Amino acid sequence: MLPFALSGCGAGPAKPAASGSPTATLAPWVRVTSGSPTAVPSTASTFAPKSALPKVSFLPTSSACAIPWPDNVGQVLIPMVITPISRGFTVQWPAKYGSYYRITAVPQELVVGPQPEPSWQSVQAGDNCTVSATISGLTSGAPYIIWLDAPATPRDAVGSRSLYSGKSGVVKPL
């Protein structure tokens, strides 16, 4: 049945047409060039890019500070280290925010009526990289928040101020 289906409508088996010469094509689809095989490329690169920036050398850091103060990047308050002592606190902060500071301990216990005015203590910065102050005369075990103010905060070249205040969480003296 297959020869009948291929032959068409009763005309007999189909005969291929013969040609005396092959038909010419425009260009081959794949060009094959004979030659010798080449070695596998090396995995080591000889490319050495030139840097557009000059070499950087960093200044040595000073080990004069006993406390490694963080940079101000992302900070909004002057960092402080608060150590509770008997009936008070020793507070330390970096000296780079001015020549003098004010510090106080604000009681956090509930008070009926107006809140008492905080008693500010003035502190000179000195020549060290850390400023230190002692707040005394407080109630042992009572909650306080330490506030730090730098009223003479220097301004940078564009006129913006450095950090000018600091605040602790709730702390209690011994």
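Residues numbered from 1 in each chain as written. Predicted model: local features only at pLDDT ≥ 70, side-chain atom pairs only at ≥ 80, totals over all residues. Heavy atoms only, no water.

1. Some points on the sheet that holds strand β7 (residues 165-171)
Then, number 1: Strand order across the open sheet formed by 4 strands is β4-β3-β6-β7, with antiparallel pairing between neighbours. Each end of this open sheet is capped by a strand with a single partner; those strands are β4 (121-124) and β7. Pairs of neighbouring strands in the sheet enclose a mean axial angle of 20 degrees, with direction left out of account.
Then, number 2: For strand β6 (residues 144-149) and β7, the ladder comprises 5 bridges, and the chain directions are antiparallel. Considered in β7, the bridge of I145 is made with V170. (Pairing = 2+ DSSP bridges. Helix = DSSP H or I, 4+ residues; strand = E, 2+ residues; numbered from the N terminus. Axes fitted to C-alpha atoms, helices over the stretch in contact; angles between N-to-C directions.)

2. Re the confidence of the model for the protein
Then, number 1: Across the protein, pLDDT averages 78, with 63% of residues at or above 70.
Then, number 2: Residue range residues 57-62 is modelled with pLDDT below 50. Its contacts to residues more than four positions away, or to other chains, number 0 contacts. (pLDDT = per-residue confidence, 0-100. Contact = heavy atoms within 4.5 Å.)

3. With respect to the state of the cysteines
Disulfide: a covalent bond connecting the sulfur atoms of a pair of cysteines.
Then, number 1: Inspection of the entire model under this criterion finds 1 disulfide.
Then, number 2: Note that C65 is cross-linked by a disulfide to C129, the S-S spacing being 1.6 Å. You can see C65 sitting in the loop between α1 (2-7) and β1 (81-85) and its partner C129 sitting in the loop between β4 and β5 (130-136), a full 64 residues away along the chain.
Then, number 3: A relative accessible area of 27% means that C65 is categorised as partly exposed.
Then, number 4: Using a relative accessible area of 30% as the deciding quantity, one classes C129 as partly exposed. (Disulfide = S-S within 2.5 Å. Buried < 20%, exposed > 50% of the residue type's maximum accessible area, 1.4 Å probe, protein only.)

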